[in-house]
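# Inside the fold
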Amino acid sequence: NAGVTQTPKFQVLKTGQSMTLQCAQDMNHEYMSWYRQDPGMGLRLIHYSVGAGITDQGEVPNGYNVSRSTTEDFPLRLLSAAPSQTSVYFCASSYSKSGVTYEQYFGPGTRLTVT
Amino acid sequence: KNQVEQSPQSLIILEGKNCTLQCNYTVSPFSNLRWYKQDTGRGPVSLTIMTFSENTKSNGRYTATLDADTKQSSLHITASQLSDSASYICVVSGPPGGSYIPTFGRGTSLIVHP
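Presented here is a report on the structure given in the accompanying data block.

Conventions we followed
Residues numbered from 1 in each chain as written. Chains lettered and ligands numbered in written order. Predicted model: local features only at pLDDT ≥ 70, side-chain atom pairs only at ≥ 80, totals over all residues. Heavy atoms only, no water. Helix = DSSP H or I, 4+ residues; strand = E, 2+ residues; numbered from the N terminus. Pairing = 2+ DSSP bridges. Axes fitted to C-alpha atoms, helices over the stretch in contact; angles between N-to-C directions.

## Notes on unusual backbone geometry
A cis amide bond links Thr7(A) with the next residue in sequence, Pro8(A), at an omega value of -5°. As for its position among the elements, Pro8(A) is in the loop between strand 1 (4-7) and strand 2 (10-13). For the bond from Ser7(B) to Pro8(B), the omega torsion is -10°, close enough to zero to count as cis. Looking at the secondary structure, you find Pro8(B) in the loop between strand 1 (4-7) and strand 2 (10-14). Even without a glycine there, the phi angle at Asn28(A) is positive, about 60°. With respect to the element layout, Asn28(A) can be found in the loop between strand 3 (19-25) and strand 4 (31-38). Non-glycine residue Lys71(B) carries a positive phi angle of around 60°. Tracing the backbone shows Lys71(B) in the loop between strand 7 (62-67) and strand 8 (72-77).

Written as structure tokens, this is what we have:
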């Protein structure tokens, strides 16, 4: 049982480049989410999904796309990287029911630098 | 707007001492309140989860308390160890039928010195 895995661990992009951050979980959780963490800001929700085929925006969705074709995978796409997207990105999965998020399991994070 | 405020922002204590971290929230009603520990360079790890009807929950040397009337929670760490040095994050989830988006605090940074 690997929990939540993320790849890559580190990435450097040039402004305007695109890339996909990968996230996978093997706990059969319906709810998955992407956060970014910046110094002094705490975790901020980018996008989330309550099941395969269903995604929605969080607090800071601009510049990011997601899709959820399977229960296990929830990739995050940066369309055209900007320096403001330099951050640490965490994927999380959890059991959820009727709009309530229960214990979330976080991945190890991807540290992204955009130059 | 739902908010979760944590205090202090940072704390330095000596190994072996106890400490208490605070979390005040405005999310109401809510379904659960969670405390996470985040080591530097790693993802957050769950310490405790309490529903609105619970007053206290323990996990080893970590004890969380909840006062739903005053909308306050605290995390008490007993006999601190060097490995307790981390950021501690308070998270509150809204009521059933509401938004799936939980509200995160900014965390308290704890440093334990030998």
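Once the structure has been displayed, the description carries forward.
## Some remarks on the sheet that holds strand 3 (residues 19-25) of chain B
All names here are of chain B. In spatial order, the strands read 1-3-8-7-6; together these five strands make up an open sheet with antiparallel pairing. The outermost strands of the open sheet, each flanked by one partner alone, are strand 1 and strand 6 (56-59). Direction aside, the axes of adjacent strands within the sheet are offset by 15° on average. Of the pairings in the sheet, the one linking strand 3 to strand 8 comprises six bridges and is antiparallel in character. Residue Thr20 lies in a different strand from strand 8, and its bridge partner there is His76.

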